[in-house]
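So you can see what is in the structure, the chains are spelled out below.
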Amino acid sequence: MRISVIGCGYLGAVHAACMTVLGHEVVGIDVDEAKVEALRAGRAPFFEPGLPELLAQAEGTGRLTFSTSMSDASGADVHFICVGTPQMHGEFRADLTYVDAAVTALAPYLRAGDVVAGKSTVPVGTAERVARVLAPSGAVLVWNPEFLREGFAVQDTLHPDRLVYGLPTDDEGVATAAGEKARAVLDEVYAKPLADGTPLVVTDLATAQLVKVAANSFLATKISFINAMAELCEATGADVTRLADAIGYDPRIGRKFLNAGLGFGGGCLPKDIRAFMARAGELGVSDALGFLREIDSINMRRRVRVVDLAREVCHGSIVGRTVAVLGAAFKPDSDDVRDSPALSVAAQMQLQGAHVTVTDPQAIENARAKWPDLRFAADPLEAAAEADVVLLATEWAEYRDLDPDELGAVVAHKRILDGRNVLDPARWRAAGWTYRALGRP
Ligand code: NAD
C-alpha cells in the first residue's frame, strides 16, 4: 500500500518506519524542517531504542521518504494523522490546532476513496468534525488509535497488543459501505500483525476515540491508586512495595503499573486525563470523570512530597544545599521531558534555593532547552560531586545498578532519595547511606 504519515514525532516517525518494514511504500510528512532533514539522513530525531536500526532497515528498502510538503501525500491510499494534541495553555482541553491544520492542508490532495486514519489521541467528537471537513473530497475518515509506549515503540508498533478500527456507521451503528471499504484497506495495511494473531476490535468512531483516553485514564488511576497507598504507608510505617507485591498476586489486580514513586508524566497521561475531564464537562457528564481530578492531584502531590523528603533529610531546609537529580526524562529509555516528574522536582528544588545538578543518559539536551537555569552533568558521579542529597528520579537501568560505595566516595553527605522505589534499601544503608523512599519506612 502507499501510505502517508502526517506528523513525524515520537508516534509518527516510528509508525512510518514500521509501515515500511511491513512492506508498504511510505512518505512521512512534518512541518518541522530539522526533523525531516534528520529523518532523510537516516537519523532518529529523538531517542527511542531500536529506531536508528529500524530507520536504516526501512530506508534501505528505498520505500521510505520524508518531506515537508503536503503535496507529497497525494497518491497515497492511506493517510495516518499523527500530529500532536497537547494540553491548551491555561486550560485542561486538548489543543486541536495541529490536527485541524494537518487535515486542512491534506484535504486538497485527497481522492475519492482515500482513507484518512486518525492516530492522534483526540477528544471524542473530533473525528466526526474532521469527517465533515473531508466529506467534499470523498475520502473516508476512520480512527485507529495508537497504544505504543515510548521506550518500546518499535516493538509495540510491529507487534501491537491489539488494533482498534473506528469506522463510520449508519444510524443503526452498522459500518457504512465506505467504512467497510476502509476496513479492508486497514486490514491490508496491518496484514502482518493480523496474521500474527493480533486481536482486532472494530467499532464506531466515538468508541475508537474513547478507547485511548479510557486506557490512559485507567493506567493513570492504577499509578495514583498505589501512590495513594504510599501516602497511607508513610502515615503508618508500612511498606508500599510489599503491599503492591501482595495485592499484585491477585490476577484481577495484577502487579504491573503498581510501582509507587514520583508518579506519571510525559506527553500523554497527564494531558489525556485532563482533556478527557474537559470533554466530559462539555458533554454534560463531568461527574463521571470527577475521580480523575483526584488521580491528577495524587500524582502531583508525589512531586511535592519528594521535595519535602529532601528537606527532611537536610534537617529542615534545602536552601543552599547541593542536590543531584538522577534522571530528566519522564521515564527510562526515552529522551522525552514533556511534563517530566524528575525535571519538575529538580526545578522546584532549585526555585526553593537548592543548587541542583541534573543528569540523564539521553535527555540532557531536551531538559536544558526546557530549564536552562538548571545545571547539567554528564553522569551520576559528576552530578553527585559534593552533593548533600541525591535523588533517583527516573529509573534508568544504570541508576538502579549504581554502586553505593562508588557514589558514596564523591558526595558530601550520603543521603539518597529513591523516587522510584528501585534501589535495595538494605544495600544502601549497609554502605552508610541515609535511604528514604516514597511509601517505605
Ligand atoms: P510529537 O510532538 O512528538 O510529534 C508531533 C509531530 O507533528 C511533530 O513532529 C510536529 O512537528 C508535527 N506536526 C505538527 N503540526 C503538523 C502539521 N500541520 N503537519 C505535519 N506535521 C505536523 O507528539 P507525539 O508524542 O508523536 O504524539 C502525537 C500524537 O500521538 C498525540 O496525539 C499523542 O497523544 C498521541 N500518542 C502518542 C504516543 C507516545 O507515546 N508519544 C502514544 C500514543 C499516542
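The following refers to the structure shown.

Definitions and limits used
- Position labels on residues start from 1 in each chain and follow its written sequence.
- Given that the model is predicted, a residue must reach a pLDDT of at least 70 before its local features are reported, and side-chain atom pairs must reach 80 or more before they are shown or counted; all residues, however, enter totals for whole chains, interfaces and linings.
- Hydrogens and waters are ignored; side-chain quantities use all the structure's heavy atoms.
- Nearness of a residue to a molecule or strand requires only that one of the residue's heavy atoms be within 4 Å of it.
- Polar contacts, as used here, are pairs of N or O atoms within 3.5 Å; protein pairs need one atom able to donate a hydrogen and one able to accept it. Residues neighboring in sequence count only if both atoms are side-chain atoms.
- Only the protein chains shown count as cover for residues, with accessible areas throughout obtained via the Shrake-Rupley method and a probe of 1.4 Å.
- What counts as a helix is a DSSP run of H or I of at least four residues, what counts as a strand is a run of E of at least two, and both are numbered from the N terminus.
- Just to be clear on terms, a salt bridge is a Lys or Arg side-chain nitrogen sitting within 4 Å of an Asp or Glu carboxyl oxygen.
- Remark: exposure states derive from per-residue accessible area (1.4 Å probe, protein chains only) relative to the maximum for the residue type, with buried under 20%, exposed over 50%, and partly exposed in between.
- Centre distance within 6.5 Å is the pairing criterion for rings of Phe, Tyr and Trp, where only the six-membered ring of Trp is used; planes under 30 degrees apart are then read as stacked, over 60 as edge-to-face, and the remainder as tilted.
- Geometrically, a charge over a ring is one whose NZ (Lys) or CZ (Arg) sits within 6 Å of the ring centre while staying within 35 degrees of the ring normal.
- Grouping buried Ala, Val, Leu, Ile, Met, Phe, Trp, Tyr and Cys residues that are joined through side-chain atoms within 4.5 Å yields what is termed a nonpolar core.
- Any two residues whose heavy atoms approach within 4.5 Å are treated as being in contact.
- At least two DSSP bridges between two strands are required for those strands to pair.
- With axes taken as lines fitted to C-alpha atoms, and helix axes fitted only over the stretch in contact, angles between N-to-C directions fall between 0 and 180 degrees.

What follows is about the site of the ligand. Around the ligand sit 27 residues in total, of which Asp30, Lys35, Thr85, Glu150 and Lys271 are the nearest. Contacts to the ligand include Leu11, whose backbone N or O atom sits 2.8 Å from an oxygen atom. One of the side-chain N or O atoms of Arg338 is found 2.8 Å from an oxygen atom in the ligand. For the ligand, whose unbound accessible area comes to 830 Å², protein coverage reaches 89%. Those elements that place two or more of their residues in the shell around the ligand are helix 1 (10-21) and helix 4 (97-106). Here the shell around the ligand gets 3 residues from one element, more than from any other, and that element is helix 4.

Turning our eyes to something else, we now look at the pattern of salt bridges. Two side chains with opposite charge may pair up if their charged atoms get near one another. Applying the stated rule across the entire model yields 29 salt bridges. Arg111 serves as the salt-bridge partner of Asp114, at 3.0 Å between the closest nitrogen and oxygen. The exposure class of Asp114 is buried, given its relative accessible area of 3%. A salt bridge links Glu146 to Lys119; the nearest nitrogen and oxygen atoms lie 3.2 Å apart. Of this pair, Glu146 sits in the loop between strand 6 (140-143) and helix 6 (153-158) while Lys119 sits in the loop between strand 5 (115-118) and helix 5 (126-134), and the two are 27 residues apart along the sequence. For Lys119, a relative accessible area of 2% corresponds to the buried category. The structure contains a network of salt bridges with shared partners spanning Glu231, Glu234, Glu294, Arg301, Arg302, Arg305, Glu312 and Arg436.

Here we come to the packing of aromatic side chains. Taken as a whole and assessed by the stated rule, the structure comprises 5 aromatic pairs. A cation sits over an aromatic face here: Arg149 above Phe152, 4.3 Å from the ring centre.

Turning our attention to the nonpolar core. If you look at the biggest cluster of nonpolar residues, it comprises 51 residues, and the most contacted ones within it are Val325, Met349, Val356 and Val390. With near-sequence residues (within four places) excluded, Met349 lies in contact with Val307, Ala310, Ile318, Val323, Val325, Ala354, Val356 and Leu391.

As for its position among the elements, Ser334 is in the loop between strand 9 (322-326) and helix 13 (341-351). Given a relative accessible area of 0%, Ser334 falls into the buried group. A distance of 3.1 Å separates the side chain of Ser334 from the side chain of Glu150, its partner in a polar contact. Here Asp336 takes part through its backbone nitrogen, which lies 3.0 Å from a polar atom of the side chain of Ser334.

In this section: the environment of Gly419. By secondary structure assignment, the location of Gly419 is in the loop between strand 13 (415-418) and helix 18 (425-430). In this structure, the C-alpha to C-alpha distance between Gly419 and Ala342, residues 77 residues apart in sequence, is 8.8 Å. Once residues lying within four places of it in the same chain are set aside, the contact partners of Gly419 are Gly261, Leu262, Leu391, Leu392 and Leu438.

Okay, the sheet that holds strand 14 (residues 434-437) next. Working definition: the strands of a sheet are paired by backbone hydrogen bonds and lie parallel or antiparallel to each other. An order of 11-10-9-12-13-14 is seen for the 6 strands of this open sheet, with the pairing classed as parallel. With partners counted over all chains shown, the strands left at the sheet margins are strand 11 (375-377) and strand 14, one partner each. Across the sheet, the axes of successive neighbouring strands diverge by a mean angle of 25°, strand direction being ignored. As defined by bridge partners, strand 13 adjoins strand 14 across 4 bridges and the pair is classed as parallel. Looking at strand 14, one finds that Asp418 is bridged to Ala437. Packed onto the sheet, helix 12 (residues 290-313) meets strand 12 (389-392), strand 13 and strand 14 and runs at close to 160° relative to strand 14.

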